Amino acid sequence: MDKRFRRKTIMMNSLSGLIVVLVNTVMQFLNRTVFIHYLGKTYLGYNGLFSNVLGVLSLTELGIGSAIIFSLYKPLREGNKLLIIKLMYLFKKIYALIGMIVLFLGIGAYFLIKNQITGSADKVAELTITYFLFLLGSVSAYYLTYKRSIFDADQKAYKNQLNFLVFNSLSSIVQMLMLILFKDFLLYAGVTTIFNVTGNIVIARQVDREYPFLSTKLTSYKLDDILLGQIKKLTIGNFSNKLGTVVVYGTDNIFISIFVGISSVGLYSNYALIVNTLVSMVSRAFSGLTSTIGVMKTKESQKNLKNYRSIQMVNLFITIICIGGLSGLENTFIQLWIGKEYILPASITNIIVINFAIEIYRRTSLTYIDAYGLAWIQRWKSIIEVILNVTLSLFFAGILKWGLLGILMGTTISIVVFPLWYEPYVVYKYGFKVNFREYGKFALIALISIACEYILVLNGRTWSSQITQNLVIQFLMNIIIVILSSLVIITTLLYVTPDGRELWAKYIRKGDSQQ
């Protein structure tokens with residue numbers, strides 16, 4: 001694969017991912033606005049609770065998807081159709097089994113959360129059916145969505161993203177119509193399930209057209225023991241990673257519903273929507289890099305460390321801009337969007353911003369861990385992370401009675417104590433085989449830069465609120481403050497740090513000179 005094609009592929013995957021997130025963001029906020037207007041806080045809380053429960057059930061996937069995608073890189077590059085057929089057949093069988101397991105676990109999970117479902121008999125019946133509709137949509141995906149993996153492995157993630165864009169947008173439009181016309185949560189959930197299933201059927205047929213050899217019947221689908229052993233290792237490692245992500249970020253609403261109340265789930269879910277949108281934008285951009293980084297490792301490994309440092313610096317720029325935007329605009333935006341009664345206390349919003357900054361900052365190392373197949377090496381990381389998170393959240397919220405603040409603090413501490421430094425350590429030691437100490441310098445620069453952005457924006461936000469009480473003017477002033485503070489810090493990093501200067505010379509100045 002030549003460099004020109006690789007760059008084009010990276011651009012298509014990354015840009016298409018960003019376009020999908022931008023369009024999806026607009027649709028989500030429109031959808032949420034209509035949802036709140038017609039159904040209110042309580043139903044919003046149930047929506048968040050059901051989504052979290054099903055998110056935890058996705059652990060059943062065990063990380064096999066990432067393992068198969070990693071295993072497909074080489075046969076796709078070499079045109080080994082026989083091995084591709086065998087891997088996809090294995091994927092199909094495993095996902096069919098996972099679908100059944102998720103169905104039974106989902107039924108069991110209902111009995112664990114049914115005490116949170118309260119109200120009249122009709123309302124309880126409606127919410128129960130709604131939960132099982134969500135479950136049905138989740139289960140059906142396992143029987144169809146496995147085919148998407150070949151597009152991801154073959155650096156055609158943009159095709160999956162286009163499919164998601166079309167069907168998710170259609171789903172949101174129909175959901176809003178159902179809410180306006182019928183004000184019915186059950187119909188809302190039914191629309192989600194129908195469009196998810198339809199989207200998966202369409203992408204499966206597209207894969208069949210582009211890879212017709214996948215329909216070839218073999219007398220034996222047996223894989224050699226070495227490859228199976230590699231897949232098992234990757235699966236265990238990926239499951240461990242997924243366990244940490246799902247439990248740490250995916251159980252917050254469950255804990256909130258138990259220790260604080262279902263209405264608080266609704267309040268928090270509005271902030272979570274903003275945070276998840278920004279995280280999704282960054283994640284989509286990075287997901288387009290994963291397969292390319294995996295291919296480059298096999299051919300141009302000597303350049304990988306430099307590429308990592310460049311990507312990490314760009315990721316720091318993104319983190320600075322995002323944390324400035326979130327800390328400076330979130331409360332004003334929510335007041336303008338849905339009203340002052342949906343605002344959370346400053347102590348809680350500060351923790352939300354910190355958790356968000358950490359999540360964005362981890363993207364580079366997590367992308368390289370996926371691309372390099374290093375999940376097995378850090379398989380114990382997430383176990384430690386989960387134990388810390390659950391213990392601290394239960395302690396802060398259950399024993400100290402700190403409520404929502406305690407649950408979010410449990411998330412913060414469980415990540416900072418271990419994964420935040422361990423993930424880049426794994427990449428440096430096992431991916432690049434270099435001394436980890438040099439990463440420490442970058443981490444210190446990153447911490448100072450993010451802290452400076454946060455302090456500048458918070459002071460600027462206080463200043464703007466003293467100047468005017470008009471929320472629209474405040475919002476516009478805060479946007480200017482975020483832009484100026486981000487430009488100052490990013491420009492300083494480009495001129496002062498070695499990685500920044502190299503990034504400037506290699507990409508920015510070079511691009512200007514070519515023009």
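Residues numbered from 1 in each chain as written. Predicted model: local features only at pLDDT ≥ 70, side-chain atom pairs only at ≥ 80, totals over all residues. Heavy atoms only, no water.

Describe the overall build of the protein chain, and please don't skip the residues or the numbers.
Along the backbone of the protein chain there are 19 helices and zero strands. Computed over the C-alpha atoms, the radius of gyration of the protein chain is 23 Å, within 12% of the 24 Å expected from 2.2 N^0.38 for a compact globule of 515 residues. When the backbone C-alpha atoms are referred to their principal axes, the protein chain occupies close to 65 × 60 × 45 Å. When the 515 residues of the protein chain are sorted by exposure, 53% land in the buried category. Restricting to contacts in the protein chain with at least 6 residues of sequence separation, those with at least 24 account for 83%. Per element, the accessible surface of the protein chain, about 23500 Å² overall, is 67% carbon and sulfur. The average position of the 48 basic charges and that of the 25 acidic charges among the side chains of the protein chain differ by 5 Å. (Helix = DSSP H or I, 4+ residues; strand = E, 2+ residues; numbered from the N terminus. Rg over C-alpha atoms; globule rule 2.2 N^0.38 Å. Buried < 20%, exposed > 50% of the residue type's maximum accessible area, 1.4 Å probe, protein only. Contact = heavy atoms within 4.5 Å. Areas by Shrake-Rupley, 256 points an atom, 1.4 Å probe, with all protein chains shown as cover. Lys, Arg positive; Asp, Glu negative; His and termini not counted. Charge placed at Lys NZ, Arg CZ, Asp CG, Glu CD.)

Please provide a residue-by-residue account of helix 7 (residues 185-210), values included.
The end-to-end C-alpha separation of helix 7 is 38 Å, in line with the 38 Å expected for 26 residues at 1.5 Å each. Its side-chain oxygen at 2.7 Å from the backbone nitrogen of Leu186, Asp184 defines the N-terminal cap of helix 7. (Expected span 1.5 Å × (residues − 1). Polar contact = N/O pair within 3.5 Å; in protein donor to acceptor, adjacent residues only side chain to side chain.)

Tell me about the packing of helix 6 (residues 157-182) against helix 7, residues and numbers included.
Each pair of packed helices gets described by two things: the angle between the helix axes and the distance between those axes. At their nearest, the axes of helix 6 and helix 7 sit 9 Å apart, and the two run at 160° to each other. As the angle between them shows, helix 6 and helix 7 are arranged roughly antiparallel. When you trace helix 6 past helix 7, the crossing you get is right-handed. In this structure, helix 6 contributes Lys159, Asn160, Asn163, Phe167, Leu170, Ser171, Val174, Gln175, Met178, Leu179 and Phe182 to the contact, and helix 7 contributes Leu187, Tyr188, Val191, Thr192, Phe195, Thr198, Gly199, Val202, Ile203, Gln206 and Glu210. Of the residues assigned to the contact of helix 6 with helix 7, the class counts are 12 nonpolar, eight polar and two charged. (Axes fitted to C-alpha atoms, helices over the stretch in contact; angles between N-to-C directions. Parallel < 35°, antiparallel > 145°, perpendicular 65-115°, else oblique. Left-handed = near helix turned anticlockwise from the far one by under 90°. Nonpolar A, V, L, I, M, F, W, Y, C, P; charged D, E, K, R; others polar.)

Got a sec to walk through the environment of Ile201? Specific residues and values, please.
With respect to the secondary-structure elements, Ile201 resides in helix 7. Separated by 57 residues in the primary sequence, Ile201 and Leu144 place their C-alpha atoms 6.4 Å from one another.

Please give an account of a nonpolar patch on the surface that cites residues and values.
Together, Met100, Leu103, Phe104, Ile107, Phe111 and Tyr143 give the surface a local cluster of nonpolar side chains, amounting to about 550 Å² of exposed area. Along the polypeptide, Met100 turns up in helix 3 (residues 81-113). Looking at Met100, the relative accessible area reads 38%, which means it is partly exposed. (Patch = residues over 30% accessible without salt bridge, like charges linked within 9 Å, V, L, I, M, F, W, Y side chains within 5 Å. Salt bridge = Lys/Arg side-chain N within 4 Å of Asp/Glu carboxyl O.)

Quick rundown of the confidence of the model for the protein chain? Include the residues and the values.
Mean pLDDT over the protein chain stands at 87; residues scoring 70 or higher make up 93%. In the model of the protein chain, helix 19 (residues 498-514) stands out as the element of lowest mean pLDDT, 71, in contrast to helix 18 (residues 471-496), which has the highest, 95. (pLDDT = per-residue confidence, 0-100.)

Describe the packing of aromatic side chains, and please don't skip the residues or the numbers.
Counted according to the given criterion, the structure contains 44 aromatic pairs. Taking 5.8 Å as the distance between ring centres and 90° as the angle between the ring planes, the aromatic pair formed by Trp421 and Tyr422 counts as edge-to-face. Overall, the relative accessible area of 40% leaves Trp421 in the partly exposed class. For Tyr422, a relative accessible area of 15% gives the class buried. Note on Tyr439 and Phe442: the rings are 6.3 Å apart at their centroids and 35° apart in plane angle, and the pair reads as tilted. Of this pair, Tyr439 and Phe442 are both found in helix 17 (residues 437-467), three residues apart, which corresponds to roughly one turn of the helix. The pair formed by Tyr439 and Phe442 is uniform in burial state, with each residue classed as buried. An aromatic cluster is present here, built from Tyr308, Tyr368, Tyr372, Phe418, Trp421, Tyr422, Tyr425, Tyr428, Phe432, Phe436, Tyr439 and Phe442 joined pairwise through their rings. When the ring centre of Tyr43 is taken as reference, the NZ or CZ atom of Lys123 above it lies at 5.3 Å. The ring of Trp376 carries Arg379 above its face, with NZ or CZ at 3.9 Å from the centroid. (Phe/Tyr/Trp six-rings, centres within 6.5 Å; stacked < 30°, edge-to-face > 60°. Lys NZ or Arg CZ within 6 Å of the ring centre and 35° of its normal.)

Give a description of the packing of helix 3 against helix 8 (residues 225-250) that names residues and reports values.
Where helix 3 contacts helix 8, the two axes come as close as 13 Å, and the packing angle between them is 45°. The angle between helix 3 and helix 8 falls in the class oblique. Seen from above, helix 3 lies across helix 8 with right-handed handedness. Across the interface between the two elements, Leu83, Leu87 and Leu90 from helix 3 touch Leu227, Leu228 and Ile231 from helix 8. When its residues are assigned to classes, the contact of helix 3 with helix 8 shows six nonpolar, no polar and no charged.

Tell me about helix 9 (residues 252-259), residues and numbers included.
Buried within helix 9 we find Asp252, Asn253, Phe255, Ile256 and Ser257. At the exit of helix 9 stands Gly261, carrying a positive phi of roughly 140°.

Before we move on, could you go through the environment of Tyr89 and cite the residues and values that matter?
Mapping Tyr89 onto the fold places it in helix 3. Spatially, the C-alpha atom of Tyr89 lies 8.7 Å from that of Leu214, the residues being 125 residues apart in sequence.

Give a description of the side chain of Ser485 that names residues and reports values.
Note on placement: Ser485 falls in helix 18. Once residues within four sequence positions are removed from consideration, Ser485 is found in contact with Glu453, Leu456 and Val457.

Outline the side chain of Asn355, supporting the account with residue identities and numerical values.
Within the fold, Asn355 resides in helix 12 (residues 346-361). Within polar-contact distance, the side chain of Asn355 engages the side chain of Thr412 at 2.3 Å. What Asn355 contacts, discounting residues up to four positions off in sequence, is Tyr249, Leu408, Thr411 and Thr412.

Go over the pattern of salt bridges with me, naming the residues and quoting the values.
Where charged atoms from two side chains of opposite charge come close, those side chains can pair. Overall, the coordinates contain nine salt bridges when judged by the stated rule. Here Lys147 makes a salt bridge to Asp208, at a shortest N to O gap of 2.6 Å. Here Lys147 is found in the loop between helix 4 (121-141) and helix 5 (148-153), whereas its partner Asp208 is found in helix 7, with 61 residues between them in sequence. Judged by its relative accessible area of 35%, Asp208 falls in the partly exposed class. A network of salt bridges, in which partner residues are shared, links Asp154, Lys156, Lys159 and Glu210.

Quick one: what's the story with unusual backbone geometry, residue by residue and with numbers?
A positive phi angle, close to 60°, is found at Gln155, a residue other than glycine. Tracing the sequence through the fold places Gln155 in the loop between helix 5 and helix 6. Residues other than glycine seldom take positive phi values, yet Lys401 does so here, at roughly 60°. With respect to the secondary-structure elements, Lys401 resides in the loop between helix 14 (381-399) and helix 15 (403-417).

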